[in-house]
Amino acid sequence: KGKAKKAAKSIDKKIERAAVLGAGIMGGGIAYQSAYKGTPIVMKDINNKALDLGLSTAADILGKQVERGRLNAKKMASVLNNITPSLNYDSIKDTDIVVEAVVENPNVKASVLKEVEGFVSDRAIIASNTSTISIDLLAESVNRPERFCGMHFFNPVHKMPLVEVIRGKDTSDETIASVVAYAASMGKSPIVVNDCPGFYINRVLFPYLAGFSQLVLEGADIATVDKVMEKDFGWPMGPAYLLDVVGLDTANHCTHVMADGFPTRMAQIDNDPISLLVNDSRYGQKNGVGFYEYS
Ligand code: NAD
């Protein structure tokens, strides 16, 4: 209780308006969750189709709740009203926080971070939803590293309680406190972690997924591995299905960042099955085919 009070005191700016860059699997989910819990959010992408998909995903989640009698149509309309889709930065100048959720590529993230800082006030917080890329590395692209940190949600955002708030070497206590408070206002369970490739969850998860890739190369049957992990070992999903949910293009970027960061823990695999599938344009559930096919 005492700690929460102290943290609340150090918040210099309550997050009342937010923006998310990227309307993909994660950006769409973050927009939905922020809007659902009452913080209006601008959802910016470079692609109109992605914006439509982000909005329709939010509408689908809400529609299911209406069907189940957990939500009325008025609330559904007000949540959707809280999400402003945009193809440009014009509508983000008054936001208190911008959550960057574009593709997991350090160069793309660096250019987006450099770009966005010019459109928000000096007091705005910029946070990255990167899965694996070091926050200190990304902080090199911003002029105000004290107002920059990681805000790492998990997929699917509306169901997964955890949010990792990642402190870079220059991140201020006030920034951490504001982001923790924003995550809590979204109904999430934030934890503050130090910076390293993969932070906490992916530092543990990606070596496991690399072990799975190694098994596939040694001839393991994918469906059997998944079945054993799910039905017999009791995990919610096996590694192949999980990778399809995450998106193989994203997982491929993450694998490389993790292999660079932890070469002894991440077996450097030639012909990694994840990258072979990506080369074959199999990105997982997002485009209907990955380790499995989806209709
Ligand atoms: P995605 O491929 O579904 O979506 C990425 C979106 O970014 C696309 O809509 C693309 O059009 C958009 N984009 C690309 N360049 C842009 C730019 N310059 N400005 C605005 N939008 C741009 O990817 P995703 O799975 O949502 O991943 C996004 C981020 O979230 C990555 O950093 C990823 O590592 C992280 N993440 C992903 C997961 C997951 O399970 N997929 C989980 C946690 C974190």
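Each value, and the rule that gives it
Throughout this description, residue numbers start from 1 for each chain and increase along the sequence as written. Confidence filtering applies because this is a predicted model: local features only for residues at pLDDT of at least 70, side-chain atom pairs given and counted only at 80 or more, and all residues used for totals across whole chains, interfaces and linings. Buried Ala, Val, Leu, Ile, Met, Phe, Trp, Tyr and Cys residues form a nonpolar core when they are connected through C-beta atoms within 7 Å. Any residue with 12 or fewer other C-beta atoms within 10 Å of its own C-beta is exposed, any with 20 or more is buried, and the rest are partly exposed; the C-beta atoms used are placed from the backbone. Working definition: helices are DSSP H or I runs of at least four residues, strands are E runs of at least two. Numbering for both runs from the N terminus. These domain limits were set by an automatic method or by a database of domain assignments. Any residue whose C-beta atom, as placed from the backbone, lies within 6 Å of a molecule or strand is termed near it. Amino acid classes used here: Ala, Val, Leu, Ile, Met, Phe, Trp, Tyr, Cys and Pro are nonpolar; Asp, Glu, Lys and Arg are charged; the rest, including Gly, are polar. By the convention used here, strands pair only if DSSP detects at least 2 bridges between them. Axes, fitted as lines to C-alpha atoms, cover a helix only where it is in contact. Angles between the N-to-C directions of the axes lie from 0 to 180 degrees.

In this structure, V20, V98 and V179 are the most contacted members of the largest nonpolar core, which totals 76 residues. The element contributing the most residues to this core is helix α2 (residues 25-36), with seven residues. Counting contributing residues, this core receives three or more from each of domain 1 (2-194) and domain 2 (202-287).

Turning next to the site of the ligand. In the vicinity of the ligand there are 28 residues, among which G22, G24, M26, A50 and N155 approach most closely. Secondary structure elements with two or more residues in the shell around the ligand: α2 and α5 (106-117). Ranked by residues supplied to the shell around the ligand, first place goes to α2 with three residues. Of the residues assigned to the shell around the ligand, the class counts are 14 nonpolar, 10 polar and four charged. Taken domain by domain, the shell around the ligand gets at least three of its residues from each of domain 1 (2-194) and domain 2 (202-287).

Moving on, we come to the sheet that holds strand β3 (residues 83-86). Spatially, eight strands are ordered β3-β2-β1-β4-β5-β6-β7-β8 in an open sheet, and the strand pairing comes out mixed. Looking at the sheet topology across the chains shown, the edges are occupied by β3 and β8 (189-194). Averaged over all neighbouring strand pairs, the angle between strand axes comes to 25 degrees, with direction disregarded. Examined bridge by bridge, strand β1 (residues 18-21) and strand β4 (residues 97-100) share four bridges and lie parallel to one another. Residue pairing across strands places L21 opposite E100, the latter belonging to β4.

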